[in-house]
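Inside the fold
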Amino acid sequence: MENEETFNWLDPFSSVDLGIADSADGVKQWAISNRDVIQPIKQVFNELVVAIDTSLNAVPPTLMLILLVLIAWQAAGSRTAIIVGVALTCLGLLSPDAWGLAMTTLAIVIAAVVVCFVIGLPLGILAAKNDTFEKMLRPVLDTMQTIPAFVYLVPVVMLVGIGNVSGVIVTIIFALPPLIRLTSLGIRGVNPSVVEAARAFGASPRQILFKVELPLATPTILAGVNQTIMLSLSMVVIASMISVKGLGNEVLRAMGRLDAGKAIVGGLGIVILAIVLDRISQGMGQSGRERGHRHWWQGGPVGLALRMTGPKNETTPPAAQATAKPET
Amino acid sequence: MTKETDEAVIRCDGVWKIFGGRADQALQAVQQQGLSKEETRDQYDCVVGVRDASFEVRRGEIFCIMGLSGSGKSTLIRHINRLIEPTAGAIYIEGRNINEMSQKDLRQLRAEKIGMVFQSMALMPHRTVLENVAFSQEVRGHSVKERNANAMRAIHSVELDGWESKYPDELSGGMQQRVGLARAIAADPSILLMDEPFSALDPLIRRQLQDTFMALSAEMKKTTLFITHDLDEAIRIGDRIAIMKDGVLVQIGTPEDIVTNPADDYVADFVAGISKLELVSAGKIMEPVASYEQRRGNADMTGWPEAHPEQSLDDLLNLSIATQHPIVVKIDGRPLGVVTKNALLRGIKGGADDTGAAA
Ligand SMILES: Nc1ncnc2c1ncn2[C@@H]1O[C@H](COP(=O)(O)OP(=O)(O)O)[C@@H](O)[C@H]1O
Ligand SMILES: [Mg+2]
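Being a predicted model, the structure only gives us computed values, none of them experimental. (Residues numbered from 1 in each chain as written. Chains lettered and ligands numbered in written order. Predicted model: local features only at pLDDT ≥ 70, side-chain atom pairs only at ≥ 80, totals over all residues. Heavy atoms only, no water.)

1. Description of the overall build of chain B
Looking only at helices and strands, chain B features 17 helices and 14 strands. By residue count, 53% of the 359 residues in chain B fall in the buried class. Partitioning the contacts of chain B with sequence separation of at least 6, the portion at a separation of at least 24 is 66%. About 16000 Å² of surface is accessible on chain B, with carbon and sulfur atoms providing 46% of the total. Chain B carries 41 positive and 52 negative side-chain charges, and their two centres are separated by 3 Å. (Helix = DSSP H or I, 4+ residues; strand = E, 2+ residues; numbered from the N terminus. Buried < 20%, exposed > 50% of the residue type's maximum accessible area, 1.4 Å probe, protein only. Contact = heavy atoms within 4.5 Å. Areas by Shrake-Rupley, 256 points an atom, 1.4 Å probe, with all protein chains shown as cover. Lys, Arg positive; Asp, Glu negative; His and termini not counted. Charge placed at Lys NZ, Arg CZ, Asp CG, Glu CD.)

2. Considerations on the UniProt feature "transmembrane region" (unreviewed entry) in chain A
Residues and elements named next belong to chain A. Within this structure's numbering, the places UniProt gives as "transmembrane region" (unreviewed entry) are residues 55-73, 80-99, 105-128 and 149-176. Its end C-alpha atoms 22 Å apart, residues 55-73 is made of 89% helix and 0% strand. Helix makes up 85% of residues 80-99 and strand 0%, with an end-to-end C-alpha separation of 20 Å. (UniProt positions renumbered as here; feature names shortened; annotations may be inferred.)

3. Regarding the site of ligand 1
All names here are of chain B. Lining the immediate surroundings of ligand 1 are Phe-19, Lys-37, Val-47, Leu-68, Ser-69, Gly-70, Ser-71, Gly-72, Lys-73, Ser-74 and Thr-75. Taking Gly-72, its main chain carries an N or O atom lying 3.0 Å from an oxygen atom of ligand 1. A distance of 2.9 Å separates an oxygen atom of ligand 1 from a polar atom in the side chain of Lys-73. Compared with its free state, where it exposes 560 Å², ligand 1 has 59% of that area covered by protein. When residues of the shell around ligand 1 are assigned to their parent elements, the largest contribution, three residues, is made by helix H4 (residues 73-80). A breakdown of the residues in the shell around ligand 1 according to their chemical character gives three nonpolar, six polar and two charged. (Near = heavy atom within 4 Å. Polar contact = N/O pair within 3.5 Å; in protein donor to acceptor, adjacent residues only side chain to side chain. Nonpolar A, V, L, I, M, F, W, Y, C, P; charged D, E, K, R; others polar.)

4. Examining the UniProt feature "domain: ABC transmembrane type-1" (unreviewed entry) in chain A
Per the UniProt entry, the sites bearing "domain: ABC transmembrane type-1" (unreviewed entry) are residues 102-281 of chain A in this numbering. Here residues 102-281 of chain A runs as 88% helix and 0% strand, with 18 Å between its end C-alpha atoms.

5. Quick word on a nonpolar patch on the surface
On the surface, a cluster of nonpolar side chains totalling about 470 Å² of accessible area is made up of Val-37, Ile-41, Val-44, Phe-45 and Leu-48 of chain A. Tracing the sequence through the fold places Val-37 of chain A in helix H2 (residues 35-58). (Patch = residues over 30% accessible without salt bridge, like charges linked within 9 Å, V, L, I, M, F, W, Y side chains within 5 Å. Salt bridge = Lys/Arg side-chain N within 4 Å of Asp/Glu carboxyl O.)

6. Points about the packing of aromatic side chains
Residues and elements named next belong to chain B. Within this structure, the stated rule accounts for six aromatic pairs over all chains. Ring geometry for Phe-198 against Phe-226: centres 5.9 Å apart, planes inclined by 55°, an arrangement best described as tilted. With Phe-198 in the loop between strand E7 (191-195) and helix H10 (203-220) and Phe-226 in strand E8 (residues 223-228), this pair connects stretches of sequence that are 28 residues apart. Residues Tyr-266 and Phe-270 carry aromatic rings whose centres are separated by 5.3 Å and whose planes lie at 80° to one another, so their mutual orientation is edge-to-face. With Tyr-266 and Phe-270 both in helix H13 (residues 265-271) and four residues apart, the pair spans about one turn of that helix. Look at Phe-270 and you get partly exposed, because its relative accessible area is 21%. Cluster of aromatic residues (ring-pair linked, three or more members): Phe-198, Phe-213 and Phe-226. (Phe/Tyr/Trp six-rings, centres within 6.5 Å; stacked < 30°, edge-to-face > 60°.)

7. Structural notes on the interface of chain B and chain A
Taken together, the contacts link 36 residues of chain B with 27 residues of chain A. Of the roughly 2700 Å² buried between chain B and chain A, counting both surfaces, carbon and sulfur atoms make up 59%. The interface formed by chain B and chain A contains two salt bridges. A salt bridge links Glu-138 of chain B to Lys-211 of chain A; the shortest N-O distance between them is 2.7 Å. At the junction of chain B and chain A, the tally comes to six residue pairs in polar contact (both at pLDDT 80 or more). (Buried area = accessible area lost by both parts, 1.4 Å probe.)

What follows is the structure, encoded as structure tokens:
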């Protein structure tokens, strides 16, 4: 503003400097002066991520593969279990260390998705209940999804330094929005006459949320979780730039060395992991109606085990047998 | 508390409901200048849902509100358990003004005193029949054992035994509405609110559910507010009927009152197609003996068929077929009035007034 006299109407912007870049730089100063506060918090979270990583890597690959196949069977049925089994075998065969790298990446994704869920679900519920909040939140979410990751990479690194924690934070910024959006959408989409009935029978707002809205919005919310998982995976290469290990780091290093073979191993590994996580989380998102109203423990390996070991208690017959007879 | 409020389980006192952002201004304008529904919409961007509705439902009574769709029936019934707040007026349940109740008391009232049945059924698709029926007791925190026992009793009374562990989408429409009915009576409330409960069902099933409901109702003696757009249904079910038009209760009375003395052309149009045979009684169409004798001279009534004032036109018709004589209406053997063939025909056609109804 000080060069008022040289203000040029034809090119006004070159002579005006509001100092946005400078004030953003101030964040750095703030971060440096608050290092003592930030570092211990960072330490705790880092240890958590490392703990997930080491425990995933501690399980022998064969056992882990069987476990993941069983989870897929439980969540999404036997067909998906076969796909998951084949995909994971391919992943392991890609290269001798592909499995370990994939587990490290999985650890980061799990950490990011858990934090997204913890933050995203309450925000999504608030957005569903409050139109003003939703209106204010929408541009923020748009920004989070569209702003190039490199823009917030630098400030995040300045705040907390490189490493797993920054990697998780960067991933959350990108992967959180769909969970919030779909939670809100799911709750808003619940049949209003069912909510009215719950109110008419004396349910409190809290009971309506937990007994009616959340259960009915679950398929939509799980679709949001699925989106969040996918977006988290798509961030692993960028996260590896701030020293996050795993498959993304392989791709990054291969790019640096123009090593096509390594790049393919890393890239295919990410794709296979994506397929596996997508199928499992989509299976969980099926509504009870699509599954013929069986509880999750009535099907899959758990159901099988229960039927074989448990006492002979009758289970709910499958929907096919229970089709309503027409009223006489 | 006065005697009337003791008697009236539900009482609406000048209830107005105007939807829209400027409801209060619109209310003033409507009350002072008598704006019509369309004028209110154009000038204030508000919709008048209910216009000055006052009525009482007595203990054990079935009170029907009949009106075309959009006349404000659903809006009015939702005031009774305060799902909607009135713009003006008050609603009393057993003498208590529910608009002054705390949210906590209100929830207790809804769960324990008032059962509601919806046209859309509004069952919870993720809950079994049993869990749906037990819902109001569940939110009150009753034990599983207790609420399931009550729910099973309700399921039994709507003849759905064996279906309790099914989900709503495994049931036919008629059965779903039975579940809706069971859910409403499970906590044994003293009041039932029914918003076009059978309208979405096809005629045969509707008839069955009406029968089930009337049998239950006779047994349970619940005070019922029943909404319908079908006058036949209102007459079949209701002890008293209110006719609603554009948010206004234009006439309240017994089915016989409404059919024989419609308050205006609108009601008259409605009742024109209704058969009077079962509804209208001899007392309504007879001519007093004195006036008959003035007209026709002293009558020798030996051999004339005899009827009681309460007997329906249907009965009179049967008596009349067997003879040429008019029918004499008697109480305790004393002749009260005479029904001539012409009067009977006019009564069936709906012109009871011409003959001069007895006092
Ligand atoms: N929430 C609402 N907001 C605005 N107008 C409404 C609302 N609910 C009902 N109305 C209007 O009030 C009138 C009465 O509706 P309703 O009570 O549903 O009629 P009915 O049940 O007799 O068919 C209609 O004109 C309807 O459009
Ligand atoms: Mg309605």
